[in-house]
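What follows is the residue order along each chain.
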Protein chains: 2
Amino acid sequence: MIKNITNVRGIKCWGAHSGVKSLRRDLAIIYSEVPASAGAVFTQNKVQAEPVKLSKKHMKNGRIQAIVVNAGNANACTGEAGYEGAQAMARTTGEMLGIDEKLVLVASTGLIGKPFPTDEVVEGLRENLPKISSKSSAGSFAANAILTTDTFPKEGFLEFEMEGYEINIAGIAKGSGMIFPNMATMLAFIVTDVAIQPKLLQLTVKEVVDNSFNMITVDGDTSTNDMVAVLANGLAGNDKLKSRNDPGYQLFRDKLEEMMVHLAKLIVSDGEGASKFVQYEVVNAADAKTAKKLVRSISDSTLVKTAMFGRDPNWGRIVCAAGNAGVKFDYTKVDLYLGDENEQIKVLEQGTPLDFDRNYMKKLLRKSHIFVKMDLKNGNSGAVGWGTDMTTDYVIFNSVYTT
Amino acid sequence: MIKNITNVRGIKCWGAHSGVKSLRRDLAIIYSEVPASAGAVFTQNKVQAEPVKLSKKHMKNGRIQAIVVNAGNANACTGEAGYEGAQAMARTTGEMLGIDEKLVLVASTGLIGKPFPTDEVVEGLRENLPKISSKSSAGSFAANAILTTDTFPKEGFLEFEMEGYEINIAGIAKGSGMIFPNMATMLAFIVTDVAIQPKLLQLTVKEVVDNSFNMITVDGDTSTNDMVAVLANGLAGNDKLKSRNDPGYQLFRDKLEEMMVHLAKLIVSDGEGASKFVQYEVVNAADAKTAKKLVRSISDSTLVKTAMFGRDPNWGRIVCAAGNAGVKFDYTKVDLYLGDENEQIKVLEQGTPLDFDRNYMKKLLRKSHIFVKMDLKNGNSGAVGWGTDMTTDYVIFNSVYTT
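The present account deals with the structure reproduced in this document. What you are looking at is a predicted structure, and each value in this text was computed from that prediction instead of being measured.

1. Structural notes on helix 1 (residues 50–58) of chain B
Point 1. Within helix 1 of chain B the residues assigned to the buried category are B:Glu50, B:Pro51, B:Val52, B:Leu54, B:Ser55 and B:His58.
Point 2. Residues of helix 1 of chain B that are buried make contact with strand 2 (27–42), strand 3 (63–73), helix 2 (79–97), strand 4 (104–111) and strand 9 (227–232) of chain B.

This is the structure we're talking about:
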């Protein structure tokens, strides 16, 4: 049996078909037997979906006990009626589970700008909230019910010992890309039984998201609905983590990052129309911010992405994309490596092109996993990010009118 | 006879084949009989080509008398030898024309990271500098000699009366896109016989470039070699423009903008692998900066570009890209229009989707020129920008290994 979110103490869930999508499960429920500390980050897009607006309010106390997610309709650009729909989801969930509706986080993904089918979704919740269960299959149903154009569900589970306590962390995610007129909504919900203060959890989530979900790119656009939330219900029984200096905190943080990076990479692996998974690493930067901006600028460049599709060791585009990152670095110090996950060949040394065996390089670049490493030789900080290539399939997929 | 840069008083030029490119003209010379006031803007990329570094120094006095441009080798990432090559181009030009080498602006476009063929280019200059001429054909030769992957030369000429004086403005440009491992270098050289102070010209050029060349996008990346330079040699005999309040200044500025917008649109029209020319307009914004950022974010979005290719009226992607522009606007006030250059249909009113005839809309979007207009209803400022769609041809073109 593969472990999933149901293997975290006190977590029950369900995934069902409410009818908003014609054939697939489209309604997910995650519930914790006790109120949990919660940390969450939301889309930076100035146009925000209605459930994002509501969930931000519900996050104010840092306590959440249930998450409900519908797929098929993003409830974005839907005005007051849409906001009332999101409220109805929280209210129904609260009533049925006997908890305060403010302890309910609401998320949506799907088409933008279509009236929100409140009645259908509320009906679906009424029918399915009683079915929540801690069976492994219920976790799989939830993981499937949040998908849109994803080709596979994204799940993760890990356990570790922290100061004598067994801690579990598990999560589900969706991503993939976007389909008209919806954007590539990225959702991730992570549950853990560690005991941690809400404020510390919120800070931790923000930092760890910056190293994981914020370091991936498929389209370069941020959707109106993006949300990453972590619930920590404390049922592991450890001494509550209250400060960064508490024993075990750093270990928990590392494990949470491991989970988020795992889910983030799964999202990239399922990028719409992508044929390659590309890891970008910048090492020996003056500071982490510089390294991150370089990784993002390179991985987001259309010219770099098309070159990856063409198995083209064109370091010129990588260097140019780095130059457009808006950060300072000394180009005459830069070493650049290209290859697959096992072997990377130096193509640039101190900013000067090196001769390399182009036929051998093309063999490496034919692999499905490509690695790009830039050494700035200017400090001790670094960053890693992940992206896809850009293919003709991507363009066709994204140009088709689908409604 | 079509007028070109040779129809500006005192301008001579030439375009020749020096041998750096195998078949096409690859060396352009523009010369003014008298030293000219000069204004120029250079790439914002942190990795800058050697001729950019040299030309920035030569611009310090605001006086330029000759521009030499080679195509086929970008002289970027070429180290000290490359810088010496750029210096040799200026020195040779100065010697042959009998002017200070600091009055020479040098530009390059072509492959990045290949050793610069200084001897070949200097030899080409020695052979061709004596051939400069004010014949119209010489202007065409120059316009052709700066091209790389462009499919047609980009030229413009306009004349107008200013305070009783006849003023001429003409220019040549190149752009198109990029080809491995070179980037989409954009070069534009404009000459005019107006008399204007160097400082005022520099300020004017910067502002006008922001409304023209900085409002176009094909790839979203800025190359290591981008350069726009304007020479004003004063041979029209007008009272020298010294301040924004001088009679005629605003007219000159408008005409310079007309020329730059003309050349910028030609560059977009020749975007690599593009099938459509798209104009993006934001009106009634609180300020011009907000409007410009919105136009750039929308026109640069891969998702918007692929939708344009698919003739897909997906306002959701346009709104989402606007939301990612990093500026504030009230989505619930926004009206959005889509269509061809003659007719745009309102698809969104006060942020609420409108019903429209999708079949008729698809007919409009089948045209080669598409117009997108966003009304923020929040002020009196606006911005216009131009971009292309993203096609399967674009991906194929940019993924092919060409060396």
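2. Focus: the pattern of salt bridges
Point 1. Within the structure shown, the criterion is met by 32 salt bridges over all chains.
Point 2. Between A:Asp150 and A:Lys154 there is a salt bridge, with its nearest N and O atoms 2.9 Å apart. Neither A:Asp150 nor A:Lys154 differs from the other in exposure class; each is buried.
Point 3. With a shortest N-O distance of 3.6 Å, B:Lys346 and B:Asp335 are connected by a salt bridge. One end of the pair, B:Lys346, is in strand 12 (residues 344–349); the other, B:Asp335, is in strand 11 (residues 335–340), with 11 residues separating them in the sequence.

3. Remarks on helix 9 (residues 315–323) of chain B
Point 1. The buried count for helix 9 of chain B comes to nine of nine residues, which makes it a mostly enclosed element.
Point 2. Of the residues making up helix 9 of chain B, those classed as buried are B:Trp315, B:Gly316, B:Arg317, B:Ile318, B:Val319, B:Cys320, B:Ala321, B:Ala322 and B:Gly323.

4. Some details on the side chain of A:Gln279
Residue and element names in this part refer to chain A.
Point 1. With respect to the secondary-structure elements, Gln-279 resides in strand 10 (residues 277–285).
Point 2. Polar side-chain contacts of Gln-279 include one of 3.1 Å to the side chain of Trp-386.
Point 3. Filtering out sequence-adjacent residues up to four positions away, Gln-279 remains in contact with Lys-265, Ile-370, Phe-371, Val-372, Val-384, Gly-385 and Trp-386.

5. Regarding the sheet that holds strand 15 (residues 381–388) of chain B
All names here are of chain B.
Point 1. Strand order across the open sheet formed by seven strands is 8-15-10-14-11-12-13, with mixed pairing between neighbours. The sheet terminates laterally at strand 8 (216–217) and strand 13 (352–353), the two strands that pair on one side only.
Point 2. In terms of strand pairing, strand 10 (residues 277–285) meets strand 14 (residues 369–375) through seven bridges, oriented parallel. For Phe-277, the partnering residue across the bridge sits in strand 14 and is His-369.

6. As for the relation of the copies chain A and chain B
Point 1. Aligned on chain B, chain A shows an RMSD of 0.0 Å; the corresponding rotation is 180° and the shift along the axis is 0.0 Å. The relationship between the two copies is best expressed as a two-fold rotation axis. Measuring from the rotation axis to each C-alpha of chain A, the shortest distance belongs to A:Thr392, at 2.4 Å.
Point 2. The share of interface residues of chain A whose copies in chain B are also at the interface is 100%, consistent with both copies meeting through the same surface.

7. Side note on the state of the cysteines
Disulfide: a covalent bond connecting the sulfur atoms of a pair of cysteines.
Point 1. For the coordinates displayed, the defined rule picks out zero disulfides over all chains.
Point 2. In this structure B:Cys77 is a free cysteine whose sulfur lies 8.6 Å from that of A:Cys320, the closest cysteine sulfur available.
Point 3. Judged by relative accessible area, B:Cys77 falls into the buried class, the value being 7%.

8. Side note on the nonpolar core
Point 1. Of all hydrophobic cores here, the largest spans 132 residues; its most connected members are A:Phe213, A:Phe252, A:Met260 and B:Phe189.
Point 2. Counting residues per element, this core draws most heavily on helix 6 (residues 249–269) of chain A, which supplies 11 residues.
Point 3. Every residue in contact with B:Phe189, bar those within four places of it in the chain, is listed here: B:Ile30, B:Ile67, B:Val69, B:Ala107, B:Ala170, B:Gly171, B:Ile172, B:Met227 and B:Ala229.
Point 4. Among the nonpolar cores identified, the runner-up in size contains 131 residues, and A:Ala16, A:Ala138, B:Leu158 and B:Val268 belong to it.

9. Observations regarding the environment of B:Leu200
Residues and elements named next belong to chain B.
Point 1. Inspection of the secondary structure assignment puts Leu-200 in helix 5 (residues 198–211).
Point 2. Along the chain, Leu-200 and Leu-23 lie 177 residues apart, while their C-alpha atoms are 41 Å from each other.
Point 3. When sequence neighbours within four positions are dropped, the list of residues in contact with Leu-200 reads Leu-241, Lys-242, Ser-243, Arg-244 and Tyr-249.

10. Digging into the sheet that holds strand 14 (residues 369–375) of chain A
Residue and element names in this part refer to chain A.
Point 1. Overall, mixed pairing links the seven strands, which are arranged 8-15-10-14-11-12-13 in an open sheet. Two strands in the sheet have a free side with no partner beyond their single neighbour: strand 8 (216–217) and strand 13 (352–353).
Point 2. In terms of strand pairing, strand 11 (residues 335–340) meets strand 14 through six bridges, oriented antiparallel. Across the sheet, Leu-338 pairs through a bridge with Val-372, a residue of strand 14.

11. With respect to the layout of surface pockets
Point 1. A volume near 630 Å³ is recorded for the second largest pocket.
Point 2. Forming the walls of the second largest pocket are 34 residues, and the residues nearest its centre are A:Gly351, A:Thr352, A:Pro353, B:Cys77 and B:Thr78.
Point 3. At the level of secondary structure, the elements contributing two or more residues to the lining of the second largest pocket comprise strand 13 of chain A together with helix 1 and helix 2 of chain B.
Point 4. Broken down by element, the lining of the second largest pocket gets its largest block of residues, five residues, from helix 2 of chain B.
Point 5. Considered class by class, the residues forming the lining of the second largest pocket number 15 nonpolar, 11 polar and eight charged.

12. Observations regarding a negative patch on the surface
Point 1. Judged by side-chain charge, A:Asp119, A:Glu120, A:Glu123 and A:Glu127 come together as a negatively charged surface patch.
Point 2. With respect to the secondary-structure elements, A:Glu120 resides in helix 3 (residues 118–128).

13. Topic: the packing of aromatic side chains
Each aromatic ring pair is described using two quantities: the centre-to-centre distance and the angle formed by the ring planes.
Point 1. Inspection of every chain in the model, using the stated rule, returns two aromatic pairs over all chains.
Point 2. On the numbers, 5.3 Å between centres and 85° between planes, the contact of A:Trp14 with A:Phe141 is edge-to-face. Here A:Phe141 lies in helix 4 (residues 136–145) and A:Trp14 lies in strand 1 (residues 11–16), a separation of 127 residues in the sequence.
Point 3. Relative accessible area serves as the criterion here: at 18%, A:Trp14 is assigned to the buried category.
Point 4. Exposure remark for A:Phe141: the relative accessible area of 23% places this residue in the partly exposed category.
Point 5. Across the ring face of B:Phe141, the terminal group of B:Arg25 is positioned such that the distance to the ring centre comes to 3.7 Å.
Point 6. One cation-aromatic arrangement involves B:Lys373 over B:Tyr337; the distance from NZ or CZ to the ring centre is 5.0 Å.

Rules behind the numbers
Residues numbered from 1 in each chain as written. Chains lettered and ligands numbered in written order. Predicted model: local features only at pLDDT ≥ 70, side-chain atom pairs only at ≥ 80, totals over all residues. Heavy atoms only, no water. Buried < 20%, exposed > 50% of the residue type's maximum accessible area, 1.4 Å probe, protein only. Helix = DSSP H or I, 4+ residues; strand = E, 2+ residues; numbered from the N terminus. Contact = heavy atoms within 4.5 Å. Salt bridge = Lys/Arg side-chain N within 4 Å of Asp/Glu carboxyl O. Polar contact = N/O pair within 3.5 Å; in protein donor to acceptor, adjacent residues only side chain to side chain. Pairing = 2+ DSSP bridges. Least-squares fit on C-alpha atoms with pLDDT ≥ 70 in both. Disulfide = S-S within 2.5 Å. Core = buried A, V, L, I, M, F, W, Y, C linked by side-chain atoms within 4.5 Å. 1 Å grid on protein atoms, 1.4 Å probe; cavity = no way out; pocket = protein on both sides within 12 Å on 5 of 7 lines; lining within 4 Å. Points joined across faces, edges and corners; volume = space filled by probe spheres on them. Nonpolar A, V, L, I, M, F, W, Y, C, P; charged D, E, K, R; others polar. Patch = residues over 30% accessible without salt bridge, like charges linked within 9 Å, V, L, I, M, F, W, Y side chains within 5 Å. Areas by Shrake-Rupley, 256 points an atom, 1.4 Å probe, with all protein chains shown as cover. Lys, Arg positive; Asp, Glu negative; His and termini not counted. Charge placed at Lys NZ, Arg CZ, Asp CG, Glu CD. Phe/Tyr/Trp six-rings, centres within 6.5 Å; stacked < 30°, edge-to-face > 60°. Lys NZ or Arg CZ within 6 Å of the ring centre and 35° of its normal.

By themselves, these figures tell us nothing about what the structure is for.
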